[in-house]
Amino acid sequence: MVTQKANRTKNQIIHILEQLTSDYQTTKSERQEIAAKFPATNEEFSVLEEVELLTVNIRGYASQIQVKGEIKNQQQAADNLNHLRVFDVPAVAQFYFGSNGEYQSMKAYLEMLDYLRLLILEYLSLSAMSSR
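Residues numbered from 1 in each chain as written. Predicted model: local features only at pLDDT ≥ 70, side-chain atom pairs only at ≥ 80, totals over all residues. Heavy atoms only, no water.

Details of the packing of aromatic side chains
Evaluation of the coordinates by the stated rule reveals seven aromatic pairs. Taken together, a centroid distance of 5.4 Å and an interplanar angle of 55° make the contact between Tyr24 and Tyr109 tilted. Residue Tyr24 is found in helix 1 (residues 2-26), and its partner Tyr109 is found in helix 6 (residues 104-130); the two are separated by 85 residues along the sequence. Each member of the pair, Tyr24 as well as Tyr109, carries the same accessibility label: buried. Of the aromatic side chains, those joined through ring pairs into one cluster are Phe38, Phe95 and Tyr103. (Phe/Tyr/Trp six-rings, centres within 6.5 Å; stacked < 30°, edge-to-face > 60°. Helix = DSSP H or I, 4+ residues; strand = E, 2+ residues; numbered from the N terminus. Buried < 20%, exposed > 50% of the residue type's maximum accessible area, 1.4 Å probe, protein only.)

Thoughts on the environment of Leu81
Within the secondary structure layout, Leu81 lies in helix 4 (residues 74-83). The exposure class assigned to Leu81 is buried, which follows from its relative accessible area of 0%. A C-alpha to C-alpha distance of 15 Å links Leu81 and Leu110, two positions 29 residues apart in sequence. Apart from the residues lying within four places of it in its own chain, the contact partners of Leu81 are Ile58, Tyr61, Arg117, Ile120, Leu121 and Leu124. (Contact = heavy atoms within 4.5 Å.)

Points about helix 5 (residues 90-98)
Buried within helix 5 are the following residues: Ala91, Val92, Ala93, Phe95 and Tyr96. Contact partners of the buried residues in helix 5: helix 2 (28-37), helix 3 (47-68) and helix 6.

Considerations on the side chain of Asp114
Residue placement: Asp114 occurs in helix 6. Other than its neighbours up to four places away in sequence, Asp114 contacts Arg85, Val86 and Phe87.

Section: unusual backbone geometry
At Asn73, a position not held by glycine, the phi torsion is positive, near 55°. Here Asn73 shows up in the loop between helix 3 and helix 4. The phi dihedral of Tyr103 is positive, around 60°, even though this residue is not glycine. Tracing the backbone through its elements, the reader meets Tyr103 in the loop between helix 5 and helix 6.

This is how it looks when you write it as structure tokens:
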């Protein structure tokens, strides 16, 4: 039962990973506007830089699951993913909640990215249960 759920979750991860690749392409014009409207400050990365960092980390874990069916150092990965909450990043939260009705494609991308993070955490939990 746990193995079946883990396999379904893995399939969802692969599907969302592919969807994110496609969705990222559709945000190109919005990303250009965002870059101009939300530049980096001396103390912080720009919104887009923060999104890139989140994307690389979260998609990296998802790619490992897609290719290998597992993530090495699962506990470390789970700890990292628990700290990579998309909407806890100040620049991202300010952008997401402060741009009324604008940038819907980019906002949808951020929501999907955070959903992928949660799916990976679920997969890690199921993997740990099935290996006991």
